[in-house]
Amino acid sequence: MVSITLFGASGRMGRAIGEVAAQRDDVSIVTDGGDVFVDFSVPSALEAHLDAAVSAGKPILIGTTGLAPAQQAAVDAAAERIAVIQAANTSLGVNLLSHLVREAATRLGAEWDIEIVEMHHRMKVDAPSGTALLLGRAAAEGRGVDLDAVSDRGRDGITGARTAGHIGFAALRGGSVAGDHQVIFAADGERIELGHRAESRIVFARGAIAAAAWLAGKPAGRYTMADVLGL
Ligand SMILES: NC(=O)C1=CN([C@@H]2O[C@H](COP(=O)(O)OP(=O)(O)OC[C@H]3O[C@@H](n4cnc5c(N)ncnc54)[C@H](OP(=O)(O)O)[C@@H]3O)[C@@H](O)[C@H]2O)C=CC1
Ligand SMILES: O=C(O)C1=N[C@H](C(=O)O)C[C@H](O)C1
């Protein structure tokens, strides 16, 4: 039995994780002192949650997105002392999609423009989504470029023509969409579209529980959802 201390338990993802955990007899959610810590909360709370995991010497899964550079640095520092998985998306589908995107970007020349479109529910507070950025990084890695140097976020007004080699992001918000992502490779006369639609948060919750169970007892360092899912 793996016990999980869950930060953000009352939130949308926290409740979905609670639902999945209740269906399994090998994991339980506890209020403190778990074997593994799991964080689906807000960036401003993350540093305190990392401190708690480091003090307890327990691994942590971080699902929270929209981190500022200082919060990201705190994650990097924690990974030197405990086992960490930082995953903007814990679904099997998106983690496979990121491999496909990297592969497509590796094979397609720079004449193929890359654009990433995401849509989420009206309550989401960060944009572009962590997953869109994850997919952008996969595409940039495939191309052998640094995402920060080539990303176009939030075009508006007289933007001029598209900059060759850039990766564009567009974020839509509305309704109850759990999470849709589409990566478009556009060339003269043809397009390739690779995408994923989460129909509910249960797919994220299943991956989060799998990651937490996998992390229990792991030594300090960085691990990925690809390690958990065997991708
Ligand atoms: N990695 C993945 O696969 C996924 C990641 N996410 C990410 O997870 C995060 C949470 O999303 P979601 O569940 O929809 O958000 P919610 O707003 O529904 O939940 C946020 C949770 O954080 C808690 N919280 C808010 N402020 C604080 C604080 N200062 N200290 C401690 N806890 C706090 C809230 O508690 P209270 O209600 O008491 O205020 C609530 O439990 C987001 O960053 C989102 O992008 C979401 C889905 C999948
Ligand atoms: O806030 C959400 O809801 C989601 N957040 C993650 C993200 O920012 O990519 C994952 C998922 O798409 C849902």
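Treat the numbers as computed from the prediction; the structure is a model and nothing was measured.

*Asks:* Can you walk me through the overall build of the protein in this structure?
*Replies:* Helices and strands together make up the secondary structure of the protein, namely eight helices and 11 strands. In terms of overall size, the protein behaves like a compact globule, its C-alpha atoms giving a radius of gyration of 18 Å where 231 residues would be expected to give roughly 17 Å. Projected onto the principal axes, the alpha-carbon positions of the protein cover approximately 55 × 35 × 35 Å. The buried share among the 231 residues of the protein stands at 39%.

*Asks:* Looking at this structure, how should I read the UniProt feature "domain: Dihydrodipicolinate reductase C-terminal" (unreviewed entry) in the protein?
*Replies:* When the UniProt feature table is mapped onto this chain, "domain: Dihydrodipicolinate reductase C-terminal" (unreviewed entry) is found at residues 93-229. Counted over residues 93-229, helix gives 38% and strand 28%. Its end C-alpha atoms are 10 Å apart.

*Asks:* Before we go on, may I ask you to explain the site of ligand 1 in this structure?
*Replies:* As a matter of local geometry, ligand 1 sits amid 21 residues, with Gly11, Met13, Ser41, Ala45 and Gly63 nearest to it. Listing elements by their share of the shell around ligand 1, those giving two or more residues are α1 (12-22) and α2 (43-56). Sorting elements by how many residues they give to the shell around ligand 1 places α1 first, with three residues. Residue composition of the shell around ligand 1, by class: seven nonpolar, 13 polar and one charged.

*Asks:* Which parts of the structure should I look at to understand the environment of Gly207?
*Replies:* Mapped onto the fold, Gly207 is located in helix α7 (residues 202-215). Once the C-alpha coordinates of Gly207 and Val228 are considered, the two residues, 21 residues apart in sequence, prove to be 8.6 Å apart. Dropping the residues within four chain positions of it, Gly207 is found in contact with Thr90, Ser91, Leu92 and Met225.

*Asks:* Sorry, what's going on with the site of ligand 2 here?
*Replies:* Around ligand 2, the structure places Thr65, Ala88, Asn89, His120, Lys124, Ser129, Gly130, Thr131 and Gly179. The residue makeup of the shell around ligand 2, split by class, is one nonpolar, seven polar and one charged.

*Asks:* Would you mind showing me how to read the domain arrangement of the protein here?
*Replies:* The figure often quoted for interface size is the accessible area lost as the parts come together. As far as domains go, the protein holds domain 1 (2-86 + 201-229) and domain 2 (92-198). A straight line from the C-alpha centre of domain 1 to that of domain 2 covers 26 Å. Contact residues are listed per partner, giving nine residues for domain 1 and nine residues for domain 2. Every element with two or more residues in the side of domain 1 that touches domain 2 is listed here: α7 and α8 (225-229). Tallied by class, residues from the side of domain 1 that touches domain 2 come to five nonpolar, three polar and one charged.

*Asks:* Would you mind showing me how to read the UniProt feature "domain: Dihydrodipicolinate reductase N-terminal" (unreviewed entry) in the protein here?
*Replies:* The feature "domain: Dihydrodipicolinate reductase N-terminal" (unreviewed entry), as given by UniProt, occupies residues 26-89 in the numbering adopted here. With 38% helix and 23% strand, the stretch residues 26-89 has end C-alpha atoms that lie 23 Å from each other.

*Asks:* Help me out: how do you make sense of the environment of Ala226 in this one?
*Replies:* Structurally, the position occupied by Ala226 is in helix α8. Not counting residues within four places of it along the chain, the set of residues in contact with Ala226 comprises Asn95 and Leu231.

*Asks:* Looking at this structure, I do not really get the packing of α2 against helix α3 (residues 69-78). What am I missing?
*Replies:* The description of two helices packed together rests on the angle between their axes and the distance between the axes. Contact geometry for α2 and α3: axes closest at 9 Å, N-to-C directions at 15°. By the criterion of interaxial angle, the relationship of α2 to α3 is roughly parallel. Remark: the crossing between α2 and α3 carries left-handed chirality. On α3, the residues touching Pro43, Leu46, Glu47, Leu50, Ala53 and Val54 of α2 are Gln71, Ala74, Val75 and Ala78. Partitioned by chemical class, the residues of the contact of α2 with α3 number eight nonpolar, one polar and one charged.

*Asks:* I tried to follow the pairing of strand β6 (residues 113-120) on my own but got confused; where do I start?
*Replies:* Note that β6 and strand β9 (residues 179-187) share seven bridges and pair antiparallel. Opposite Ile114, over in β9, you have Phe185 as the bridge partner. With seven bridges connecting them, β6 and strand β8 (residues 167-173) associate as parallel partners. Residue pairing across strands places Glu115 opposite Gly168, the latter belonging to β8.

*Asks:* What am I meant to see in the sheet that holds strand β7 (residues 151-153) here?
*Replies:* Whenever strands of a sheet pair, they do so through backbone hydrogen bonds, lying parallel or antiparallel. What the five strands build is an open sheet, ordered β7-β8-β6-β9-β10; its pairing is mixed. Looking at strand neighbours, the two that pair on one side only are β7 and β10 (190-198), the edges of this open sheet. Sheet twist, expressed as the average angle between the axes of neighbouring strands with direction ignored, equals 20°.

Conventions and cut-offs
Residues numbered from 1 in each chain as written. Chains lettered and ligands numbered in written order. Predicted model: local features only at pLDDT ≥ 70, side-chain atom pairs only at ≥ 80, totals over all residues. Helix = DSSP H or I, 4+ residues; strand = E, 2+ residues; numbered from the N terminus. Rg over C-alpha atoms; globule rule 2.2 N^0.38 Å. Buried ≥ 20, exposed ≤ 12 C-beta atoms within 10 Å, placed from the backbone. UniProt positions renumbered as here; feature names shortened; annotations may be inferred. Near = placed C-beta within 6 Å. Nonpolar A, V, L, I, M, F, W, Y, C, P; charged D, E, K, R; others polar. Contact = placed C-beta atoms within 7 Å. Domains from an automatic or database assignment. Axes fitted to C-alpha atoms, helices over the stretch in contact; angles between N-to-C directions. Parallel < 35°, antiparallel > 145°, perpendicular 65-115°, else oblique. Left-handed = near helix turned anticlockwise from the far one by under 90°. Pairing = 2+ DSSP bridges.

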